[in-house]
Protein chains: 2
Amino acid sequence: MATISMASSLLNTLCSSTSNRRRILPLAPPLSLSRSRRRLTIRATETDANEVKAKAPEKAPAASGSGFNQLLGIKGAKQETDIWKIRLQLTKPVTWPPLIWGVVCGAAASGNFQWTVEDVAKSIVCMLMSGPFLTGYTQTINDWYDREIDAINEPYRPIPSGAISENEVITQIWVLLLGGIGLAGILDVWAGHNYPTIFYLALGGSLLSYIYSAPPLKLKQNGWIGNFALGASYISLPWWAGQALFGTLTPDIVVLTLLYSIAGLGIAIVNDFKSVEGDRKMGLQSLPVAFGEETAKWICVGAIDITQLSVAGYLLGAGKPYYAAALVGLIAPQVFFQFKYFLKDPVKYDVKYQASAQPFLILGLLVTALATSH
Amino acid sequence: MATISMASSLLNTLCSSTSNRRRILPLAPPLSLSRSRRRLTIRATETDANEVKAKAPEKAPAASGSGFNQLLGIKGAKQETDIWKIRLQLTKPVTWPPLIWGVVCGAAASGNFQWTVEDVAKSIVCMLMSGPFLTGYTQTINDWYDREIDAINEPYRPIPSGAISENEVITQIWVLLLGGIGLAGILDVWAGHNYPTIFYLALGGSLLSYIYSAPPLKLKQNGWIGNFALGASYISLPWWAGQALFGTLTPDIVVLTLLYSIAGLGIAIVNDFKSVEGDRKMGLQSLPVAFGEETAKWICVGAIDITQLSVAGYLLGAGKPYYAAALVGLIAPQVFFQFKYFLKDPVKYDVKYQASAQPFLILGLLVTALATSH
């Protein structure tokens, strides 16, 4: 349980420190997501820049900004000149924990994880692959594509400020991508796989990361697709990697975790409420913009609750009533906090809601993983 | 042999009709490749446009252009208004045959292909996946990323001319990508695979296509990486799909075909000679620009000949002297045409060289495939 409390305290740290509306965190905790920079062509940027400018919150961080925030890749960061600290900032370490947690769930679901030195070492390499390497790669690409709008709204960011050159960024993306795919291949060999499942998972995830940020597909342009891709990257991909590492990734687990990712989509929507005004001005169709805030609120909690209830129903149907009951027990406080915070005022209480409800969702993931392992 | 002569006559058609230096054909026959649009930022485009403008060959096709050329996606095309013909043009059908041939090689190498209705049907679906769907997806993305430079040099192209809207292009990319990956999944089920090898191959190939054209990785910016990615997409990927469909894709075949792809890299370089002047002006580091034309000529023929000779050596070492001899017999005319045409004047004779030498390389691929099938 030490791991769990560590993960939730990290997530809480994230929640309380993240006031940044413009940061996009694919393959990342939906706690800090925003997709406000969608559908920006060069021309659109130039046109809309002035409208947005007036609203841009903090123009630049204080010179006395936090070095810790800088390293975590979150707002309030100190202006940094050390290239390695800047490189780390671009990979947004604060977004890694959920991916690392996903690997834990997959390992648990495999039913084969042993507390041996070897299995722990394997897990650590798998977490390295999912977090620092492939999430880092994703975050760096995303910052690269945001450099033009960042130049207007957050000119102190590493890329627009020129603290790191574009060539250095491209090198970083190569190293992280090839490193992540390479680690995946090593894990396949280590696990004695006949088919390099983890290698292929890493390839598929890398494709997803690319089309999330890069036009013409640019998934984050679309409220449904972008948020679901985030949810799936956050819940399914690391689970699959962990499960393939220690056991067998079966089609029913693939379907179950993809369904679970709909809850991730719901969580991703939470972050669209605070940027409704800017999104509307820029003509971006986030779900609150497209459906109105009232409807979007219910789409959001519906996605979160109905998904988890369905999984509880599945566990019941699979003859695991105790696990199903535990999951329902973990859904209850989420619903409570939805009424107490989110449904009352999704903008004012978004961080409070995420901080209070998310640990229960995360524990529910582990309960489901353990249930499927028997 | 009917298939072979059909393929080479199609390739010859391509050679004689392709005078277009600016078209980029990833996952495509290196016969018509050029990567002249590398490293173009918006600003660079604006700056360099005037220099290039003066050199742009045919400014617009005659109103009486060829409807057949239009459908094949090659130059001299008629201005077309039918949206389906425009969609077909974007997928550049003229670039499909080598991919289809690659599937034939893989099927031959598997040693399991039978002339039954079922196996032929499977092959056709695999060819559909490799050619129209995944090559079509690749070509469409590439045209999307070239729309700004095309607006200057070839304003009559479908995207810059507005004959097809950007939303329609994005829809086409989605349909082709998901269709190709879907067909791959169907092939896996059809072949009774435990692991969806072809599905994962399609995912990996799709990633490669994306990073070939899309920044920040944009492989085509780099003479070595871009040309090798082309060579591998042209030779290895469809071979792997065909072999996985009918047999087992073994690590030694993966390595052998990747080595063979170095010959593909050599062929891709042939097309860089005609655009040396423009590339130099734009600061693009194609190999002839980077090493000078004299050196690049020898890198090019070296890559083509040494690779094939090494494969012949491998076949000899594997106890297949007759196949090795056949391959050497097919290398000889390529060397002859290199001296007769390419080394004399790579710009003047590029099409003649490709048309005369390529059929022998292609037959060599099949010889190698058959050799490895025993």
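Residues numbered from 1 in each chain as written. Chains lettered and ligands numbered in written order. Predicted model: local features only at pLDDT ≥ 70, side-chain atom pairs only at ≥ 80, totals over all residues. Heavy atoms only, no water.

### Thoughts on the overall build of chain A
Along chain A, the regular secondary structure elements total 16 helices and zero strands. The buried share among the 374 residues of chain A stands at 60%. Long-range pairs, those at least 24 residues apart, make up 71% of the contacts in chain A with a sequence separation of at least 6. On chain A, roughly 14,100 Å² of surface is accessible, and the fraction owed to carbon and sulfur atoms is 65%. (Helix = DSSP H or I, 4+ residues; strand = E, 2+ residues; numbered from the N terminus. Buried < 20%, exposed > 50% of the residue type's maximum accessible area, 1.4 Å probe, protein only. Contact = heavy atoms within 4.5 Å. Areas by Shrake-Rupley, 256 points an atom, 1.4 Å probe, with all protein chains shown as cover.)

### Brief notes about the packing of aromatic side chains
Residues and elements named next belong to chain A. Counted by the stated rule, this structure contains 27 aromatic pairs over all chains. Plain terms: the ring middles of Phe-113 and Phe-246 are 5.2 Å apart, the flat faces sit at 85 degrees to each other, and that makes the pair edge-to-face. Taken as a pair, Phe-113 in the loop between helix H5 (97–110) and helix H6 (117–145) and Phe-246 in helix H10 (residues 223–246) lie far apart in primary sequence, 133 residues in all. According to the relative accessible area criterion, Phe-113 is partly exposed, its value standing at 23%. Each ring, one from Trp-144 and one from Tyr-145, has its centre 5.0 Å from the other, and the planes form 80 degrees; the classification is edge-to-face. Residue Trp-144 is classed as buried on the basis of its relative accessible area of 6%. In this structure Tyr-145 comes out as buried when scored by relative accessible area, which is 13%. By the ring-pair criterion, three or more aromatic residues cluster together here, those being Phe-336, Phe-337, Tyr-341, Tyr-349 and Phe-360. Residue placement shows Arg-147 over the ring face of Trp-144; its charged tip is 3.6 Å from the ring centre. (Phe/Tyr/Trp six-rings, centres within 6.5 Å; stacked < 30°, edge-to-face > 60°. Lys NZ or Arg CZ within 6 Å of the ring centre and 35° of its normal.)

### Topic: helix H15 (residues 321–342) of chain B
All names here are of chain B. Taking 1.5 Å of rise per residue, the 22 residues of H15 would be expected to cover 32 Å, and the 30 Å separating its terminal C-alpha atoms lies within 8% of that figure. Within the sequence span of H15, burial applies to Ala-324, Leu-327, Leu-330, Ile-331, Pro-333, Gln-334, Phe-337, Gln-338, Tyr-341 and Phe-342. On its buried face, H15 sits against helix H11 (251–270), helix H14 (293–317) and helix H16 (350–372). (Expected span 1.5 Å × (residues − 1).)

### As for the interface of chain B and chain A
Every contact between the two is made by 24 residues of chain B and, on the other side, 24 residues of chain A. A combined buried area of about 2,400 Å² lies between chain B and chain A, and 79% of that area is made up of carbon and sulfur atoms. Taken together, the connections running from chain B to chain A amount to zero salt bridges. Run the count over chain B and chain A and you get eight residue pairs in polar contact (both at pLDDT 80 or more). Elements with a minimum of two residues in the side of chain B that touches chain A: helix H6 (117–145), helix H8 (166–190) and helix H9 (197–213) of chain B. Class assignment for the residues of the side of chain B that touches chain A results in 20 nonpolar, three polar and one charged. (Buried area = accessible area lost by both parts, 1.4 Å probe. Salt bridge = Lys/Arg side-chain N within 4 Å of Asp/Glu carboxyl O. Polar contact = N/O pair within 3.5 Å; in protein donor to acceptor, adjacent residues only side chain to side chain. Nonpolar A, V, L, I, M, F, W, Y, C, P; charged D, E, K, R; others polar.)

### Observations concerning the relation of the copies chain B and chain A
For the pair chain B and chain A, the relating rotation is 180 degrees, the translation along its axis is 0.0 Å, and the fit reaches an RMSD of 0.0 Å. The symmetry that links the two subunits is that of a two-fold axis. Ranked by how close their C-alpha atoms come to the rotation axis, the residues of chain B are headed by Leu207(B), at 2.4 Å. Looking at the interface residues of chain B, 100% of them are also at the interface in chain A, so both copies use one shared face. (Least-squares fit on C-alpha atoms with pLDDT ≥ 70 in both.)

### Thoughts on a nonpolar patch on the surface
All names here are of chain A. A cluster of nonpolar residues, Trp-224, Ile-225 and Phe-291, forms a patch on the protein surface that exposes about 280 Å² of accessible area. Along the chain, the position of Ile-225 falls in helix H10. Classification of Ile-225 by relative accessible area gives partly exposed; the value is 39%. (Patch = residues over 30% accessible without salt bridge, like charges linked within 9 Å, V, L, I, M, F, W, Y side chains within 5 Å.)

### Overview of the UniProt feature "transmembrane region" (unreviewed entry) in chain A
All names here are of chain A. Cross-referencing UniProt, the feature "transmembrane region" (unreviewed entry) maps to residues 173–191, 197–212, 224–241, 253–274 and 322–343 in the present numbering. Annotated as residues 197–212, this span is 100% helix and 0% strand, and its ends, taken at the C-alpha atoms, are 22 Å apart. Along residues 322–343, the helical share is 95% and the strand share 0%, with 30 Å between the first and last C-alpha atoms. (UniProt positions renumbered as here; feature names shortened; annotations may be inferred.)

### Quick word on unusual backbone geometry
With an omega of 0 degrees, the peptide bond between Pro215(A) and Pro216(A) qualifies as cis. With respect to the helices and strands, the residue Pro216(A) is situated in the loop between helix H9 (197–213) and H10. Residues other than glycine seldom take positive phi values, yet Lys92(B) does so here, at roughly 50 degrees. The exposure class of Lys92(B) is buried, given its relative accessible area of 0%.

### Regarding helix H10 (residues 223–246) of chain B
Residue and element names in this part refer to chain B. Between the first and last C-alpha of H10 there are 35 Å, a value that for 24 residues agrees with the 34 Å anticipated at 1.5 Å per step. Taken as a whole, H10 carries its principal kink of about 40 degrees at Ser-233. The element H10 is largely enclosed, with a buried count of 21 among its 24 residues. Near the N-terminus of H10, the side chain that reaches the backbone nitrogen of Trp-224, with its oxygen 2.8 Å away, is that of Asn-222. (Bend = angle between axes of the 7 residues up to and from the residue.)

### What about the environment of Glu168(A)?
Residues and elements named next belong to chain A. Mapping Glu-168 onto the fold places it in helix H8 (residues 166–190). For the pair formed by Glu-168 and Ile-83, sequence separation is 85 residues and the distance between their alpha carbons is 9.5 Å. Apart from the residues within four sequence positions on either side, Glu-168 is in contact with Ile-83 and Arg-87.

### Notes on the pattern of salt bridges
Residues and elements named next belong to chain B. Applying the stated rule across the entire model yields 13 salt bridges over all chains. Note that Asp-143 and Lys-92 form a salt bridge whose closest N and O atoms lie 3.1 Å from each other. Of the two residues, Asp-143 is situated in helix H6 and Lys-92 in the loop between helix H4 (83–90) and helix H5 (97–110); the sequence distance between them amounts to 51 residues. A salt bridge links Asp-146 to Lys-220, with the shortest nitrogen-to-oxygen separation between them at 3.3 Å. With Asp-146 in the loop between H6 and helix H7 (147–153) and Lys-220 in the loop between H9 and H10, this pair connects stretches of sequence that are 74 residues apart. By relative accessible area, which is 1% here, Asp-146 ends up buried.

### Observations regarding the nonpolar core
Core analysis: the biggest nonpolar cluster contains 174 residues, and Met129(A), Tyr137(A), Tyr210(A), Met129(B), Tyr137(B) and Tyr210(B) have the highest contact counts within it. Contact partners of Met129(A), with chain neighbours within four places excluded, come to Leu134(A), Gly180(A), Leu183(A), Ala184(A), Leu187(A), Ile198(A) and Ala241(A). (Core = buried A, V, L, I, M, F, W, Y, C linked by side-chain atoms within 4.5 Å.)

### Structural notes on the packing of H5(B) against H10(B)
Residue and element names in this part refer to chain B. Where H5 meets H10, the closest approach of the two axes is 6 Å, and the angle between their N-to-C directions is 45 degrees. One element, H5, and the other, H10, form an angle in the oblique class. Crossing of H5 over H10 shows right-handed handedness. Contacts between H5 and H10 involve Pro-98, Leu-99, Gly-102, Val-103, Cys-105, Gly-106, Ala-107, Ala-109 and Ser-110 from the former and Ser-233, Tyr-234, Pro-238, Trp-239, Gly-242, Gln-243 and Phe-246 from the latter. Here the contact of H5 with H10 is composed, by residue class, of 10 nonpolar, six polar and no charged. (Axes fitted to C-alpha atoms, helices over the stretch in contact; angles between N-to-C directions. Parallel < 35°, antiparallel > 145°, perpendicular 65-115°, else oblique. Left-handed = near helix turned anticlockwise from the far one by under 90°.)

### A closer look at a positive patch on the surface
Residues Lys340(A), Lys344(A), Lys348(A) and Lys352(A) make up a contiguous surface patch of positive charge. Structurally, the position occupied by Lys352(A) is in helix H16 (residues 350–372). (Lys, Arg positive; Asp, Glu negative; His and termini not counted. Charge placed at Lys NZ, Arg CZ, Asp CG, Glu CD.)

### A closer look at the environment of Asn271(B)
Note that Asn271(B) resides in the loop between H11 and helix H12 (276–281). On a C-alpha basis, the gap between Asn271(B) and Pro346(B) in space is 8.7 Å, while along the polypeptide they are 75 residues apart.

### Some remarks on the confidence of the model for chain A
All names here are of chain A. For chain A, per-residue confidence averages 82 on the pLDDT scale, and 81% of positions sit at 70 or higher. Of all helices and strands in chain A, the one with the weakest mean pLDDT is helix H2 (residues 42–53) (35), whereas H8 scores best (96). Segment residues 1–63 is flagged for pLDDT under 50; beyond a separation of four residues in sequence, or across chains, it makes 155 contacts in the model. (pLDDT = per-residue confidence, 0-100.)

### What about the side chain of Lys320(B)?
Residue and element names in this part refer to chain B. On the secondary structure map, Lys-320 appears in the loop between H14 and H15. It turns out Lys-320 is buried and unbridged, and the closest side chain with the opposite charge, Asp-252, is 9.2 Å from it. A distance of 3.1 Å separates a polar atom in the side chain of Lys-320 from the backbone oxygen of Ala-371.

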